[in-house]
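If you want the building blocks of each chain, they are given just below.
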Amino acid sequence: MTRLIFFISLFSTVNQLPLDTHYSELALSITALNRGLESKTNIIYTDQSQSLDVYAAISRTIENIPSLLFSQNISELISSSSSVILSEPILMTLPQLVHEQTLQFFKEFPVKMQRSDFLIVGCDNADNWLNLLATLWGLGYPNILIYNMTHETEGVFFTSDAFPHQRLQLSSIKHYLWARRHWFDNLKDWQVRVGLSNNPPRTLVYPDQKIFGGYVLMLLREFLSYRGASFVPMLTSNYEVFSPNDCLNLLRSNQCDLCGDWFALSNEFSYTNSYMYLSCNILIPTSQPKSKNFYISAPLQLRTWCLIVSYVLGICSFASFIGWLQHGRFEFGHLLLQIFGSLLSVGFKLRQVLGRLHYILFTIIALGGLICSTYYLAFLKTILATGLYDPQINSFEQLVRQNISLIIGEYDKTVLQLYDFPDILWSIVQVMPYAFILSHRRVFDTQFAYLAYSDRLALFSHQQQYMAKPRMRPLPIDISHSLPGFPMRREWLLKFKLSESLLNSFASGLVQKLADDTNRQTIHIGYLNLIPSEDYEARPLTLDYFAMPLKILVMGMALAFVCFLGELLFRFYRASTKKDYYKILIRMSELRSAIGFNGKFTSAEHHRASMGDKDKLLSNEDGRRPFPDISGKNDLVNPPWYFGTGFVLFWMLLFFAVVIPLFYRLPATLNMEDGHEGEFIGERAYHTLNNLVNIGTKVPGSIDNEVDAALFLLNEIADIRNSLLEEYFTLEIDVQRTSGAHVYSNLLEVYQEVQNIVVKLSAKNSTSESYLLVNSHFDTVLTSPGAGDDGFMVATMLEILRVMATTKETFTHPVVFLFNGDEEMGMQASHGFITQHKWAKNCKAVVNLDAGGSGGRDILFQTGPSHPWLADYYKKSSKHPLATTLLEEVFQTGVIPSDTDYRIFVQHGDIPGLDIGQFINGYIYHTKYDRTDVIPRGSIQNTGDNILSLVRALANAPELYNVQAHKAGNSIFFDFLGLFFVTYTEETGQILNYSISGVTLVLILISVWRMSAISSLSCCHVVQRLIILLIIQIMALSLSLALPLLVAYYFDSFGLSLTYFSSPSLLIGLYICPSLIGLTLPITIYYQSLQQNKLPSIYHLQLALHSWAIILSILVLGITAYGIRSVYVVTFSIAFYTISLVINLLTTFHDRGYSWAGSVMTLQVIPYLYASYLIYILIVAMTPINGRSGSASNPDTQISAITALGTVLCFGFLAPLINMFRRPSLIILTLVLANGITMYLASSTQIGFPYRPKTNSERVMYQHVRRTFYEYDGTVNRDESGYLFNFQDRREEGPYVGVNLTGSVRTRSECDRHMMCGFPLFDERWVDNRLQGMWLPRETIEPPFPTKLELLSKTVLENQRSVRFRFKLTGPQYLSLFIQPYADDFVSISNWTFAQDYLKNPPAHPLSYHIYITYGSSSPTLEFMLELSKPNGDFKVPLFQLGVSGHYLGEKGDESSEKLASTFPSYAVVVHWPSVYQRYIF
């Protein structure tokens, strides 16, 4: 061992020191120290004012010192100590340095000098020496020996007695050599502050479980325990995840002594010696199984073709043998050609095989095909079972080409920059929060790559030990290497002892043993989950398998189309002369001959039959046609007319066979006994729903809502908290009672003490301040138990909360579950939450769950706004997608008389989100029949699967960190028959719309040119026919839309609206048939009127489809420019017609009779299915709504328009094709007959009556009103009672069979005379329908208790132009104020107690101010103030009208009221309550 010794001398002056007395003793002591410390080098420091002779004399007595250094200034001393490679020096200096100067150069020494031994020589008292000694220990210099020189006595040695409580102790060289080895044997509970964060396997920090483990932290704790020190954990602010920068900040601020984890060495802090060489790798996804599209290529395998060839040869041989037995001819080659012809769909006719042997042969062929297909399926299963995988990533270049993002933390970036990280990888690096990295790495999310140091690779291997094939693996190239150590304060005394302990631990193998134990502990506490082996067994082929071939097909067709256009342009250029033009026609003729054209010839063509092709073409110079009449009307044999009827029926049956089953498809319900951990259990949610519904109606302000329902939810949440995985999650519950106001429609909604139950579920390792909000409401309307609206979603949320809280799958962002207690009365509870709750400001996105139906599939009908990434997450996570942009735009127009909390969150919280709801079976929505037994169990499973996956996905979405940064316009989204989901941005949609429309128009021009070339007519002639057909198709479009509307108007004029309400199948005859008549009639008349036209008739039919495509393309261009996203539906139809047109142009189908129609019909299947599916969604949603949309407008016009639009979209390209059949007029007559029969059934039989008990009820809503009109002087002008009816549907009181309505009058006349009609209009729906109401007088009604308005004061203000009124209002839970100043007298309201924005923006005339007040649990008492201004200051005249209404919801009324309610028919659902209205003039 080589040591460096420094000497420090603290003499007062050289002349005062008796060096001749002491130097020999000092020299002997230094020699003994060198011998005991095995020193090899001494450094002696002396001040410049002192002579070196004394020290030179001392140095001559030091034995066996190979190197002796002298220095006379501090800078040289520091420089010497920095350059010394050796360890543990002793320093000696001269006395002129005062105490502060001595400490200063101790601070300037490099850290390695703390291991040195220091001999300090001087003359001072014991207190000063002790103070110096303690200070130097505090700076990290424990090895201090003091030699105190005096005049009277010999020098005395001092050193420290014990640590940490130091005392000055007399010593000797021998004592010092012993003591320095035992300074830290017993630290007597000296507190060591250790900065900690969770970084398995090195550190496991779970303070709630009192776990401070990990193999690195365990080494540190054992070292401290062995030395008798006390371990004091200092948690970083984000200790749940690896947070190295936070720990280093603790060191910088002196809040801890060292970090409990190994960090890469740097120059900023002291580090223990590193005995471990950590390599850094990249954890990358293991090669995945081959894409499903790979298995489609199995027929291209050599052995498959060998089997097919053997199969074909065997069949040919067998058939030839039979033919030889029958005819004596062995025609093997002929049969082989026929079989290959059959494979090409040319025809398969074994003419040589006759009689029963033909059937025998057919049976053998079928058996052979079965064997072949079985072999193919077995071959697929073999491929799947053996597991074919994509190539592994084995280089940095391959990783970059795969474009897999490497996510690292901020500290990782700093370290990698220090250790030469490969430049090629920086392009894929993304710096993310450690919480985000952890959430994805712990489940091995294969869309990212991760950093993995060598000690963590063992942990990842341990996690995947049960997998047949690991999901992730390290890239077999080290990207950097580092020497880690414990970072610590520079002054910490135990750094070198800790380094020695680490060396012993590595040498003994203890580190590896602790690391192995930590891997198991990490899995045990749930930081990582063992990933089970994955099953790669063969599964049935689905549509996913055909995605890539379809893409390749589209790309190939696009390439072929480009080549086709290029060839046409080139040939058009070459055809500048007639000779070249005729060569093109010769080539077309040869092409037609090659494909076996079999059209009939005219007599002129028979005359030229013997002529050569060129001669025949040249003979066209005289104007005669050189070609056969390829499509002459008289030459084609059209199928019979009844095939045309079957053609129409086929498409309708296709709808019932495909669309209807897929629309109503529901998944199987999972049961609790099956043990589906981490999945939504539909059975349990269904039981929760049933218990909630059994509470009864839950109107805000009632005991059922404010107490019973709230207690039910709190008990359910408490049960979930009892099952909470506390080591993973925290669950917070907050019951909010909130008051506020917001403007909705034309009224101001004021609410007092409404209730919210709010639950926040957070992962313990989450540091995110961005929350995901999930909302539903548990209140209901009057008389409805609310199973569908919105108990269904409440039960779904509870189950989702239960699953997430009891499953080890964590998430990045906390999730706030809001169960709001007042939605039905104007979305008031949600407004109170988003504007006032402590967690509201952190909510960055919302998933709102509501209902307009009961049962069936849930639908995404609003998203964003301007956040298309939300639709992307729905696409990725939804297991049973159902969504459409069309319904979003319809909903936002206000056509649907409903609203949801989603609008409140977006408008008042400025947060984007998803609005998801039930809509099927809306007939029982808000009725007493909305009970659990009408909801299929599969429905709640469907919704639960979707919402659970969606919530989990959004809770891990990095977009929530900064939502506004991802604001990028609206999105277009839709599902296809529930099989898959499509979404893209509005900008992309515009590009698609413009591109497809443009390409369609170009292709039509090419088709016109080709028709002109084939038929030897000028392009102008063909274009002329195209324009005529364009006009005819516009007429057809107009008729197809007008005829259903005409039927709707006809039925409504006779009071027969809603005939389809209970019998939706009537829509086919009522509206679809007239629409089809409109589509087909003009083109059929045109087609039948054709005589001998130069243009072949099939071209006329093609031009009809072309003209329809032109109309749709122009509509798409216009609607896209207008900004309506739902036009994608039309683009969808055009796109598939364009594809069929490309196919026809690239082949000879375009000119071969009706061959082109095959591709058109085949490719129209997909847009037909989607369009019919989409329109059916609208009909299912809108039909029940028409039973509650009021009586102001004719609902049949909406349904007829939707049905007509659907017919146009579905049959626009198909309806003209009926002219391929004979007598297409009979098809139209059949449609007319179907329409006539349906109209008769709808108007004259019970089938057309709209209502049915329980399933399709008529909604009846009325109030029993006592209204009183007070004049300015307080006298009563009018006091009367009656029933105020608010008709819910178009038929109004017509179906009230058996109800005595004698004396009833319409409310319109009252509305002309009184403010707000002089009635207690309950909410915005009553206001909107006020002119269509009905008033039925009756005897005086006594309300259950009074509604009272009291004038507290009237004060004229100082300006003499304003007056202030103060009122006190008491009454039931639901109150309304109607305020209308006398504007004719220039009176205006300048101030009031309520919201100022509503005051400044009053409702439009003739509406008054309407303040709608709801009370939750508080007593309904309201004090308010009104200030009115009047320019002339005359306040002794009437200034304003004030109407007060009180609604006693839940009260049944008196005996007369109950008797009236009992007289309504069984199909009526009656909702009624008492109310009062008082009109005052002040």
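Note that the structure is a prediction, hence the values are computed from the model and not measured. Position labels on residues start from 1 in each chain and follow its written sequence. Restriction of local features to residues with pLDDT of at least 70 applies here, the model being predicted, together with a cutoff of 80 or more for giving and counting side-chain atom pairs; totals for whole chains, interfaces and linings are based on all residues. Values shown for side chains rest on all heavy atoms present in the structure; no hydrogens or waters enter the calculation.

Trainee: Can you walk me through the overall build of the protein in this structure?
Mentor: Under the DSSP-based scheme used, a helix requires at least four consecutive residues in state H or I and a strand at least two consecutive residues in state E, with every element numbered from the N terminus. A tally of helices and strands in the protein yields 44 helices and 44 strands. Within the protein, the fraction of its 1482 residues that count as buried is 56%. If you take every contact in the protein between residues at least 6 apart in sequence, the share linking residues at least 24 apart comes to 80%. Entry remark: accessible area of the protein is about 61,800 Å², with carbon and sulfur atoms responsible for 57%. Under the scheme applied here, a residue whose accessible area is under 20% of the maximum for its type counts as buried, over 50% as exposed, and between as partly exposed, the area being computed with a 1.4 Å probe on protein chains only. Should any heavy atoms of two residues lie within 4.5 Å, those residues are counted as being in contact. The protein chains shown are the only cover counted for residues, whose accessible areas, like all others here, come from Shrake-Rupley with a 1.4 Å probe.

Trainee: Please explain the state of the cysteines as it appears in this structure.
Mentor: Such a bond, covalent and formed between the sulfur atoms of two cysteines, is termed a disulfide. Here, the term disulfide refers to a pair of cysteine sulfur atoms separated by no more than 2.5 Å. One pass over the full model with this rule turns up two disulfides. Disulfide partner of Cys 247: Cys 259, at an S-S distance of 2.1 Å. Residues Cys 247 and Cys 259 share a disulfide whose torsion about the S-S bond is about -125 degrees; that sign makes it left-handed. Note that Cys 247 is positioned in helix α8 (residues 244-252) and Cys 259 in strand β13 (residues 258-259), a separation of 12 residues in sequence. Both residues of the pair, Cys 247 and Cys 259, count as buried. Here Cys 1311 connects covalently by a disulfide to Cys 1317, the sulfurs 1.8 Å from one another. Because the sign of the S-S torsion sets the handedness, a value of about 100 degrees for the bond joining Cys 1311 and Cys 1317 places this disulfide among the right-handed ones. On the basis of relative accessibility, which here comes to 3%, the residue Cys 1317 falls in the buried class. Counting only the cysteines that form disulfides, in the order they appear in the protein, gives the pairing 1-2, 3-4. Here Cys 256 is not disulfide-linked; the sulfur of Cys 247 is the nearest cysteine sulfur, at 4.9 Å.

Trainee: I'm lost on the packing of aromatic side chains in this one. Help?
Mentor: Geometrically, a pair of aromatic rings is defined through the distance of the ring centres and the angle of the planes. Each aromatic pair joins two rings of Phe, Tyr and Trp (for Trp, the six-membered one) with centres within 6.5 Å, and gets the label stacked for planes under 30 degrees apart, edge-to-face for over 60, and tilted for any other angle. Taken as a whole and judged by the stated rule, the model has 73 aromatic pairs. Here, a charge over a ring means that NZ of Lys or CZ of Arg falls within 6 Å of the ring centre while also lying within 35 degrees of the ring normal. Above the ring of Tyr 873, the side-chain terminus of Lys 876 is found at 5.2 Å from the ring centroid. Over the face of the ring belonging to Trp 1335 we find Arg 1267, whose NZ or CZ atom lies 5.0 Å from the ring centre.

Trainee: I would appreciate a short explanation of the sheet that holds strand β40 (residues 1388-1392) in the present structure.
Mentor: Hydrogen bonds between backbone atoms are what pair the strands of a sheet, whose relative direction is either parallel or antiparallel. By this definition, two strands are paired if DSSP reports at least two bridges between them. Strand order in the open sheet formed by four strands is β37-β38-β42-β40, and the pairing between neighbours is antiparallel. Each having just a single partner strand, β37 (1348-1356) and β40 make up the two edges of the open sheet. With direction set aside, neighbouring strand axes in the sheet form an average angle of 25 degrees. Direction of pairing for strand β38 (residues 1362-1370) relative to strand β42 (residues 1421-1429): antiparallel, over a ladder of nine bridges. Each residue of the ladder has a partner; that of Arg 1364, found in β42, is Glu 1427. Axis definition: a line fitted to C-alpha atoms, limited for helices to the stretch in contact. Angles are taken between N-to-C directions and run from 0 to 180 degrees.

Trainee: I tried to follow the nonpolar core on my own but got confused; where do I start?
Mentor: Soluble, globular proteins show a tendency: their nonpolar side chains are buried together. Buried Ala, Val, Leu, Ile, Met, Phe, Trp, Tyr and Cys residues that are joined via side-chain atoms within 4.5 Å together make up what is termed a nonpolar core. Formed by 121 residues in total, the largest nonpolar core has its most connected members in Phe 919, Trp 1156, Tyr 1168, Tyr 1170, Phe 1211 and Leu 1217. The leading source of residues in this core is helix α38 (residues 1165-1185), at 15 residues. What Phe 1211 contacts, discounting residues up to four positions off in sequence, is Trp 651, Leu 1076, Leu 1079, Tyr 1168 and Pro 1216.

Trainee: What's the story with unusual backbone geometry in this structure? I'm lost.
Mentor: A negative phi angle is the norm for most residues apart from glycine, just as the trans form is the norm for most peptide bonds. A cis geometry characterises the amide bond from Pro 200 onward to Pro 201, with omega recorded as 0 degrees. Mapped onto the elements of the fold, Pro 201 is located in the loop between β9 (191-196) and β10 (204-206). In this structure, the amide linkage connecting His 1405 to the following residue, Pro 1406, adopts the cis form with an omega of 15 degrees. Residue position: Pro 1406 is located in the loop between α43 (1396-1400) and β41 (1409-1415). You will see that Asn 254, though not glycine, has its phi angle at about 60 degrees, which is positive. Note on placement: Asn 254 falls in the loop between α8 and β13. Judged by relative accessible area, Asn 254 falls into the partly exposed class, the value being 42%. Of note, Cys 1317 is a non-glycine position whose phi angle comes to about 70 degrees, a positive value. Here Cys 1317 shows up in the loop between α41 (1308-1313) and α42 (1324-1328).

Trainee: Can you walk me through the pairing of β37 in this structure?
Mentor: The side chains of a regular strand alternate between both faces of the sheet. Note: β37 against β38, eight bridges, orientation antiparallel. When the bridges of β38 are listed, Lys 1354 appears paired with Phe 1365. Two successive antiparallel strands, β37 and β38, enclose a turn made up of five residues, where Gln 1360 displays a positive phi of approximately 65 degrees.

Trainee: Is there a simple way to think about the side chain of Ser 1062 in this case?
Mentor: Here Ser 1062 lies in the loop between α33 (1019-1053) and α34 (1066-1089). Overall, Ser 1062 belongs to the buried group, its relative accessible area being 16%. Residues contacting Ser 1062, with those up to four places away along its chain left out, are Phe 1249, Pro 1250, Tyr 1251, Arg 1252 and Asn 1256.

Trainee: Looking at this structure, I do not really get the confidence of the model for the protein. What am I missing?
Mentor: Caution is warranted with low-pLDDT regions, since their predicted coordinates should not be read in detail. Taken residue by residue, the protein gives an average pLDDT of 81. The fraction at 70 or more is 78%. The pLDDT value expresses, per residue, how confident the predictor is, ranging between 0 and 100. Below a pLDDT of 50 lies the segment residues 1-5, which in the model reaches 32 contacts outside its immediate sequence neighbourhood of four places, other chains included. Considering only residues more than four positions removed or in separate chains, one finds that residues 343-352, a stretch of pLDDT under 50, has 21 contacts.

Trainee: I keep staring at the packing of helix α28 (residues 868-877) against helix α31 (residues 937-955) and nothing clicks. Help me out?
Mentor: In helix packing, the relevant descriptors are the interaxial angle and the interaxial distance, both defined with respect to the helix axes. Running from N to C, α28 and α31 point in directions that differ by 130 degrees, and their axes come no closer than 9 Å. Taken together, α28 and α31 sit at an angle that is classed as oblique. The element α28 and its partner α31 pack so that their crossing is right-handed. Note on element contacts: α31 touches α28 through Ser 949, Leu 950, Ala 953 and Leu 954, opposite Trp 869, Leu 870, Tyr 873, Tyr 874 and Ser 877. An angle below 35 degrees is read as roughly parallel, one above 145 as roughly antiparallel, one from 65 to 115 as roughly perpendicular, and any other as oblique. Note: crossing handedness is left-handed where the near helix turns anticlockwise from the far helix by less than a right angle, and right-handed where it turns clockwise.

Trainee: Even after reading the chapter, I still don't get the side chain of Ser 971, so can you show me in this structure?
Mentor: Inspection of the secondary structure puts Ser 971 in strand β31 (residues 971-976). By relative accessible area, Ser 971 is classed as buried at 2%. Apart from the residues lying within four places of it in its own chain, the contact partners of Ser 971 are Thr 863, Pro 868, Ala 871, Thr 885, Thr 983, Tyr 984, Thr 985, Glu 986 and Arg 1125.

Trainee: Would you take a moment to explain a nonpolar patch on the surface for this structure?
Mentor: To count toward a patch, a residue needs a relative accessible area above 30% and no salt bridge. Like charges then connect within 9 Å, nonpolar side chains (Val, Leu, Ile, Met, Phe, Trp, Tyr) within 5 Å. The rule for a salt bridge is simple: a side-chain nitrogen of Lys or Arg has to be within 4 Å of a carboxyl oxygen of Asp or Glu. Residues Val 1023, Ile 1027, Ile 1031 and Met 1035 make up a contiguous nonpolar surface patch of about 350 Å² in total accessible area. Along the chain, Met 1035 falls in helix α33.

Trainee: Explain the environment of Val 194 to me, please; I cannot follow it from the model alone.
Mentor: By secondary structure assignment, the location of Val 194 is in strand β9. Expressed as a C-alpha distance, the spacing of Val 194 and Gln 255, which sit 61 residues apart in the sequence, is 9.0 Å. Sequence-distant contacts of Val 194, that is, excluding residues within four places in its chain, are made with Leu 217, Leu 220, Leu 224, Phe 231, Val 232, Pro 233, Met 234, Cys 256, Leu 258, Cys 259 and Gly 260.

Trainee: Before we go on, may I ask you to explain the packing of helix α24 (residues 682-693) against α31 in this structure?
Mentor: Running from amino to carboxyl end, α24 crosses α31 at an angle of 110 degrees, the nearest separation of the two axes being 9 Å. One way to sum up the angle between α24 and α31 is to call them roughly perpendicular. The interaxial crossing formed by α24 with α31 has right-handed handedness. Along its contact with α24, which presents Gly 682, Glu 683, Ala 685, Tyr 686 and His 687, the element α31 presents Arg 937, Ile 940 and Gln 941. Three residue categories are used. Nonpolar comprises Ala, Val, Leu, Ile, Met, Phe, Trp, Tyr, Cys and Pro, charged comprises Asp, Glu, Lys and Arg, and polar comprises the others, including Gly. For the contact of α24 with α31, a count of residues per class yields three nonpolar, three polar and two charged.

Trainee: Would you mind going over α33 with me for this structure?
Mentor: In an α-helix, one turn spans 3.6 residues; hence positions three or four apart end up facing the same way. Counted at 1.5 Å a residue, the expected span for α33 with its 35 residues is 51 Å, and the 50 Å between its end C-alpha atoms agrees. Positioned one or two residues after α33, Gly 1055 has a phi angle of 70 degrees, which is positive. The span one expects for a helix is its residue count, reduced by one, times 1.5 Å.

Trainee: Would you take a moment to explain the pattern of salt bridges for this structure?
Mentor: Side chains that carry opposite charge are capable of pairing whenever their charged atoms lie near each other. Taken as a whole and assessed by the stated rule, the structure comprises 31 salt bridges. Note that Arg 1306 is salt-bridged to Glu 1293, the shortest N-O span being 2.9 Å. Residue Arg 1306 is located in strand β35 (residues 1305-1306), and its partner Glu 1293 is located in the loop between β34 (1276-1285) and β35; the two are separated by 13 residues in the primary sequence. On the basis of relative accessible area, Arg 1306 is assigned to the partly exposed category, the value being 33%. Here Arg 1325 makes a salt bridge to Glu 1324, at a shortest N to O gap of 3.7 Å. Taking relative accessible area as the criterion, Arg 1325 reaches 38% and is therefore assigned partly exposed. One network of salt bridges, with partners in common, ties together Arg 684, Glu 716, Asp 719, Glu 799 and Arg 802.

Trainee: What should I look at first to understand the environment of Leu 1352 in this one?
Mentor: Inspection of the secondary structure puts Leu 1352 in strand β37. By relative accessible area, Leu 1352 is classed as partly exposed at 39%. Separated by 14 residues in sequence, Leu 1352 and Arg 1366 have C-alpha atoms that sit 5.2 Å apart.

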